[in-house]
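Topology and contacts: notes
The primary structure of each chain is shown beneath.
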Amino acid sequence: QMQLVESGGGLVQAGGSLRLSCAASGRTFSSYAMGWFRQAPGKDREFVAVISWSGGSTYYADSVKGRFTISRDNAKNTVYLQMNSLKPEDTAVYYCAAKQTRRTVVVVIPSYEYDFWGQGTQVTVSS
């Protein structure tokens, strides 16, 4: 099992920034691509961003491209999501997920392919 614990969520005004962290334990972190997803009330979970095991490849949803940045530190077993220029429509519970793969290039990985999930952290953006 891999345990994933998200942190860094909170309440922020529109235009503000937050950095989410997801700390992993229990498995070899560098064997996993890491993704961020979000789920707003009454909506399906949606893809936000993904990063390859090495950090050399990233991919973003169009809705966050240019505003959010995913990164990872394999020495710290942690993946990050830097969120800038936040909008009220970014309000959601944000989840990190781990997919075991050594692919060097990543694009969207469907949520059902991920092996492990965190419990989520709430992000609320006020207008």
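Shown above is the structure to which this text applies.
I will try to describe carefully the structure that is included in this document. Just so you know, these numbers come straight off a predicted model, no measurement behind them. (Residues numbered from 1 in each chain as written. Predicted model: local features only at pLDDT ≥ 70, side-chain atom pairs only at ≥ 80, totals over all residues. Heavy atoms only, no water.)

What follows concerns the pairing of strand 8 (residues 78-83). Within strand 8, five of the six residues are buried, leaving the element largely enclosed by the surrounding structure. Pairing of strand 3 (residues 18-25) with strand 8, which is carried by six bridges, proceeds in the antiparallel orientation. Following the sheet pairing, Cys 22 is matched in strand 8 by Val 79. Where strand 7 (residues 68-73) lies against strand 8, six bridges are found, and the strand directions are antiparallel. Paired with Asp 73 across the strands is Thr 78, a residue of strand 8. The turn linking strand 7 back onto strand 8 is made up of four residues, and Asn 77 within it adopts a positive phi angle of 55°. (Buried < 20%, exposed > 50% of the residue type's maximum accessible area, 1.4 Å probe, protein only. Helix = DSSP H or I, 4+ residues; strand = E, 2+ residues; numbered from the N terminus. Pairing = 2+ DSSP bridges.)

By convention here, two paired aromatic rings are described through the distance between centres and the angle between planes. A complete count under the given rule lists six aromatic pairs for this structure. Between Phe 37 and Phe 47 the ring centres are 5.9 Å apart and the planes differ by 75°, which places this aromatic pair in the edge-to-face class. Of this pair, Phe 37 sits in strand 4 (residues 32-39) while Phe 47 sits in strand 5 (residues 46-51), and the two are 10 residues apart along the sequence. Residue Phe 47 is classed as buried on the basis of its relative accessible area, which comes to 13%. The buried category is assigned to Phe 37, whose relative accessible area is 3%. These aromatic residues form a ring-pair network of at least three members: Phe 37, Phe 47, Tyr 59, Tyr 114 and Trp 117. Over the face of the ring belonging to Trp 117 we find Arg 45, whose NZ or CZ atom lies 4.6 Å from the ring centre. In this structure, Arg 102 packs its charged tip against the face of Trp 53, placed 3.7 Å from the ring centre. (Phe/Tyr/Trp six-rings, centres within 6.5 Å; stacked < 30°, edge-to-face > 60°. Lys NZ or Arg CZ within 6 Å of the ring centre and 35° of its normal.)

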